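Next come the chains, spelled out residue by residue.
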Amino acid sequence: MHDPIVILTGAGISKESGLDTFRCEGGIWSKVRLEDVATPEGFLRDPDLVHDFYNARRESLRDPAVRPNAAHEALARLERDYPGEVLLVTQNIDDLHERAGSRNLIHMHGELTKARCDACGSVLHWPGPLGQGDSCPNCAVTGRLRPHVVWFGEIPLDMERIYDALDNCGLFLSIGTSGAVYPAAGFVQHLRMAGQARTVELNLDPSEGASLFHDGIYGPASQVVPQFVETILAGKV
């Protein structure tokens, strides 16, 4: 019997693939106001501004230089080769985990390559530009499509499934996260209170919640994650 593993990833794992992070020095939130582009109220005030912002983020994924790094690939290998269940929960809205081969995956903050219709609730594959003039292919209503991204003030996706997995896991890994964004930042505290899982942080630097983890391994994700995956697969964790 092999303990289920739950893995949380954040912006630190995507930064090494060439994507801008939101909270670090010089990150996206230092260049735009989150109230303008990452809240339902901002979208109501100026939908064109919001669409332009996410269209630029979506276009950045098409840059040939932006591709999965060794950390993404190691996590996909872990899911493929580990004899127990591996659930990957990401705060990232990019598609790098999928491109690396991860399949048992929850995007708790949504997906940049999808759109959602506020008229009929459809979630649609949408890799190209999105605007107010676009119509929903399912209900034909124009002007009600929005990025399939969880904004501030909205509830992250699939939380019931995530907490069910946390309550049944034996190992929890937190990779490339600041420990500042809830509810994800509270996962380790939830597990420590339950007491049944080993918790490990793999990060460039200690996060805000580093003291809550049993172990911390620090360095670039593209280095420390493949090394730790090898340790898991060798049965040494």
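Residues numbered from 1 in each chain as written. Predicted model: local features only at pLDDT ≥ 70, side-chain atom pairs only at ≥ 80, totals over all residues. Heavy atoms only, no water.

**Focus: the overall build of the chain**
Now for step 1: When helices and strands are counted, the chain shows nine helices and nine strands.
Now for step 2: For 237 residues, the compact-globule estimate of 2.2 N^0.38 gives 18 Å, and the chain sits close to it at 18 Å.
Now for step 3: Expressed along its principal axes, the backbone C-alpha trace of the chain runs to roughly 55 × 35 × 30 Å.
Now for step 4: Sequence-distant contacts in the chain: of pairs separated by 6 or more residues, those separated by 24 or more amount to 62%.
Now for step 5: When the accessible area of the chain is evaluated, it comes to approximately 11300 Å², of which 50% is carbon and sulfur surface.
Now for step 6: Across the chain, 21 positive and 32 negative side-chain charges occur, with their mean positions spaced 2 Å apart. (Helix = DSSP H or I, 4+ residues; strand = E, 2+ residues; numbered from the N terminus. Rg over C-alpha atoms; globule rule 2.2 N^0.38 Å. Contact = heavy atoms within 4.5 Å. Areas by Shrake-Rupley, 256 points an atom, 1.4 Å probe, with all protein chains shown as cover. Lys, Arg positive; Asp, Glu negative; His and termini not counted. Charge placed at Lys NZ, Arg CZ, Asp CG, Glu CD.)

**Considering the packing of aromatic side chains**
Now for step 1: Evaluation of the coordinates by the stated rule reveals five aromatic pairs.
Now for step 2: Centre to centre, the rings of F43 and W151 are 5.4 Å apart; their planes meet at 45 degrees, and the pair counts as tilted. Of this pair, F43 sits in helix α3 (residues 40–45) while W151 sits in the loop between β6 (145–149) and α7 (159–168), placing them 108 residues apart in sequence. Across the pair, W151 and F43 agree in class, each one buried.
Now for step 3: Ring centres 4.9 Å apart and planes at 90 degrees place the aromatic pair F53 and Y54 in the edge-to-face group. Here the two residues F53 and Y54 agree in accessibility, since each one is buried.
Now for step 4: Connected via pairs of aromatic rings, a cluster forms that spans F43, F53, Y54 and W151.
Now for step 5: One Lys or Arg, R57, reaches over the ring of F53 and ends 4.8 Å from the middle of that ring. (Phe/Tyr/Trp six-rings, centres within 6.5 Å; stacked < 30°, edge-to-face > 60°. Buried < 20%, exposed > 50% of the residue type's maximum accessible area, 1.4 Å probe, protein only. Lys NZ or Arg CZ within 6 Å of the ring centre and 35° of its normal.)

**Description of the packing of helix α5 (residues 70–81) against helix α9 (residues 221–233)**
Now for step 1: Orientation of α5 relative to α9, taken along the N-to-C sense of each, is 15 degrees, at an axis distance of 7 Å. One way to sum up the angle between α5 and α9 is to call them roughly parallel. In this structure, α5 crosses over α9, and the sense of that crossing is left-handed. Of α9, the residues touching α5 (which contributes A70, A71, A74, L75, R77, L78 and D81) are A221, S222, V225, P226, V229, E230, I232 and L233.
Now for step 2: Across the contact of α5 with α9, the residue classes break down as eleven nonpolar, one polar and three charged. (Axes fitted to C-alpha atoms, helices over the stretch in contact; angles between N-to-C directions. Parallel < 35°, antiparallel > 145°, perpendicular 65-115°, else oblique. Left-handed = near helix turned anticlockwise from the far one by under 90°. Nonpolar A, V, L, I, M, F, W, Y, C, P; charged D, E, K, R; others polar.)

**Section: the nonpolar core**
Now for step 1: Counting 22 residues, the largest nonpolar core has I7, L173, I175 and V225 as the members making the most contacts within it.
Now for step 2: If you list the elements that add at least two residues to this core, you get β1 (5–9), α5, β2 (86–90), β7 (171–175), β8 (198–203) and α9.
Now for step 3: The element that contributes the greatest number of residues to this core is α9, accounting for six residues.
Now for step 4: V6, M108, M159 and F213 belong to the second largest nonpolar core, which has 18 residues in total. (Core = buried A, V, L, I, M, F, W, Y, C linked by side-chain atoms within 4.5 Å.)

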